[in-house]
Amino acid sequence: MDETAIHLEQHIPALRRYAYALVKQNDAADDLVQDCLERAVGRWHLRHRDGNLRAWLLTILRNQFINTYRQRRRRGVHFALEDVVEPETTDSAPDSSTAIRDIFAGLDTLPEEQRSVILLVGVEDLSYDEAARVLGLPVGTVMSRLSRGRAKLREYLETGRIAVLRRVK
Amino acid sequence: MTTPGIPIGEDDLHAYVDGRLLPNRLGVVEAYLKANPGAAAQVSAWRAQRETLRDQLAAKASEPIPARLRISSIRAIRRQRQLQRLKLVAASVLLLVAGGGIGWMARGDWSALRSAQPVMVSDAISAYKTFVVDASHPVEVKASEQEHLVKWLSNRLGKPIKSPDLTMFGFRLMGGRLLPASSDGIAAQLMYDDDQGTRLTLYLRNGETGETSYRFLREGNVSAFYWIDDGLGFALSAATSRERLLPIVEAVYRQVQPSR
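First things first, this report covers the structure right here in the doc.

Here is what the cut-offs are and how they apply
Residues numbered from 1 in each chain as written. Chains lettered and ligands numbered in written order. Predicted model: local features only at pLDDT ≥ 70, side-chain atom pairs only at ≥ 80, totals over all residues. Heavy atoms only, no water. Helix = DSSP H or I, 4+ residues; strand = E, 2+ residues; numbered from the N terminus. Contact = heavy atoms within 4.5 Å. Areas by Shrake-Rupley, 256 points an atom, 1.4 Å probe, with all protein chains shown as cover. Buried < 20%, exposed > 50% of the residue type's maximum accessible area, 1.4 Å probe, protein only. Buried area = accessible area lost by both parts, 1.4 Å probe. Salt bridge = Lys/Arg side-chain N within 4 Å of Asp/Glu carboxyl O. Nonpolar A, V, L, I, M, F, W, Y, C, P; charged D, E, K, R; others polar. Pairing = 2+ DSSP bridges.

Some remarks on the overall build of chain A
Right, so step 1: Along the backbone of chain A there are 10 helices and 0 strands.
Right, so step 2: In chain A, the succession of helices and strands from N to C terminus is α-α-α-α-α-α-α-α-α-α.
Right, so step 3: Counting contacts in chain A only where the partners sit at least 6 residues apart, residues at least 24 apart contribute 67% of the total.
Right, so step 4: A total of about 8200 Å² of accessible surface is found on chain A, and carbon and sulfur atoms cover 49% of it.

This is the structure we're talking about:
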């Protein structure tokens, strides 16, 4: 395997995780990752050699997500419905599956920027500066998105069961 | 969020949750949380969210990578797409040749077709004829200074250009030069030659508008393919047959196109 492939492939698990957290369907998530990798291979010469490759890939993936899903999201709650009815998980303990439903349903109520900040910082372990670059926002704005997102998610998790039912209907 | 004396902010609390607090700040934040149960509850709620998300998504990241996401598969997909594009391009060349044949039968001469050709191609062919016969100064900057050449031409054209690698066809880059263009633009010419001394030029010009499909033109013994892509006009000329030039055009097209 050549060097480019080695560099890229080590980040595929993280890309799949972020993509899955955004769309919550296995195939759709891998479609996003595939698009992202095609772009990355095509633009390989444009990356910053000394920059963070993972952040660069996550940026491409997120842009891809926004372009693909912007229209669909405008059409309504289709996504919320799907991910509540069909939580895809390999972990089958019943109590934890409720928790997943809740946290993913809760994430889904947030604007995309807040959702992405929470995922990039909390799960993908990007620094606040790196997350700011991925999102194309000043770091101060990223911190305030993070605050709002986490506050809303907390509220949702502590009081939001009824809200889930209302959305599913 | 770095110095101990500054009041606690939400950013400190997030950094605390995300493990990004600087060590000299840690004690201050911990003391603050002890004294403020509300903030402590907030922080532990945030931490719980973070841990739940990480736990639930961990399985996803430890799955084996699906075959279709291997970089070798990704490259194969890209090659297939490019091949499909080239087939389309080749089909449009055939159509043009067929159309030209019909035009010839209908009109009895090539003038209608010739008049439709952009000025760019005439300029490209003129430049070809002028410089391929030049034994002493065929190029302004030699290929040995390739990096400088490409940078220089890119700067002057106002667009990043690449010098296509045509060694698989036996053509080596000799070098390039800058040329005035009859419109407002600037043109560049890259020259290649092979072991038989056949010379080939790639003419590029900025400020072009319009369509991007290939066109073919023959003037005397010179064959030329030209196309426009993303504001740059390209013309590939050589004193050779259309059949020999076509695969080279495809390679050039593939190599110069902006990645998408």
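Still to come is the rest of the account.
Thoughts on the overall build of chain B
Right, so step 1: Assigned secondary structure in chain B consists of 8 helices and 7 strands.
Right, so step 2: Burial analysis of chain B (260 residues in total) assigns 43% to the buried set.
Right, so step 3: Considering only contacts within chain B whose residues lie at least 6 apart along the sequence, 57% involve residues at least 24 apart.
Right, so step 4: Element-wise, carbon and sulfur atoms account for 56% of the exposed surface of chain B, whose accessible area totals about 13300 Å².

Describing the interface of chain B and chain A
Right, so step 1: Contacts between the two partners involve 35 residues from chain B and, on the opposite side, 49 residues from chain A.
Right, so step 2: Around 3900 Å² of area is buried between chain B and chain A when both sides are counted, 58% of it from carbon and sulfur atoms.
Right, so step 3: Where chain B touches chain A, the interface holds 8 salt bridges.
Right, so step 4: Linking Arg150 of chain A and Asp18 of chain B is a salt bridge whose minimum nitrogen-to-oxygen distance equals 2.8 Å.
Right, so step 5: The greatest single-element share of the side of chain B that touches chain A, amounting to 14 residues, is contributed by helix 3 (residues 37–62) of chain B.
Right, so step 6: Per-class residue counts for the side of chain B that touches chain A are 16 nonpolar, 6 polar and 13 charged.

As for the pairing of strand 7 (residues 232–238) of chain B
All names here are of chain B.
Right, so step 1: Within strand 7, 7 of the 7 residues are buried, leaving the element largely enclosed by the surrounding structure.
Right, so step 2: Here strand 7 shows two buried faces, one formed by Leu232, Phe234, Leu236 and Ala238 and the other by Gly233, Ala235 and Ser237.
Right, so step 3: When strand 4 (residues 199–205) meets strand 7, the two strands line up antiparallel, connected through 6 bridges. Paired with Leu200 across the strands is Ala238, a residue of strand 7.
Right, so step 4: When strand 6 (residues 222–229) meets strand 7, the two strands line up antiparallel, connected through 7 bridges. Within strand 7, the residue paired with Ala224 across the bridge is Ser237.
Right, so step 5: Taken together, strand 6 and the strand that follows it, strand 7, pair antiparallel across an intervening segment of 2 residues, in which Asp230 is found at a positive phi of about 55°.

Concerning the pattern of salt bridges
Right, so step 1: The tally for this structure, following the rule as stated, stands at 26 salt bridges over all chains.
Right, so step 2: Here Arg17 of chain A and Glu124 of chain A are joined by a salt bridge, their closest N and O atoms 2.8 Å apart. One end of the pair, Arg17 of chain A, is in helix 2 (residues 12–23); the other, Glu124 of chain A, is in the loop between helix 7 (112–122) and helix 8 (128–135), and 107 residues separate them in sequence. Comparing Arg17 of chain A with Glu124 of chain A, the two get one shared label, buried.
Right, so step 3: Between Arg244 of chain B and Asp194 of chain B there is a salt bridge, and its shortest N-O distance comes to 3.1 Å.

Functional significance is not addressed by these values, which are geometric in nature.
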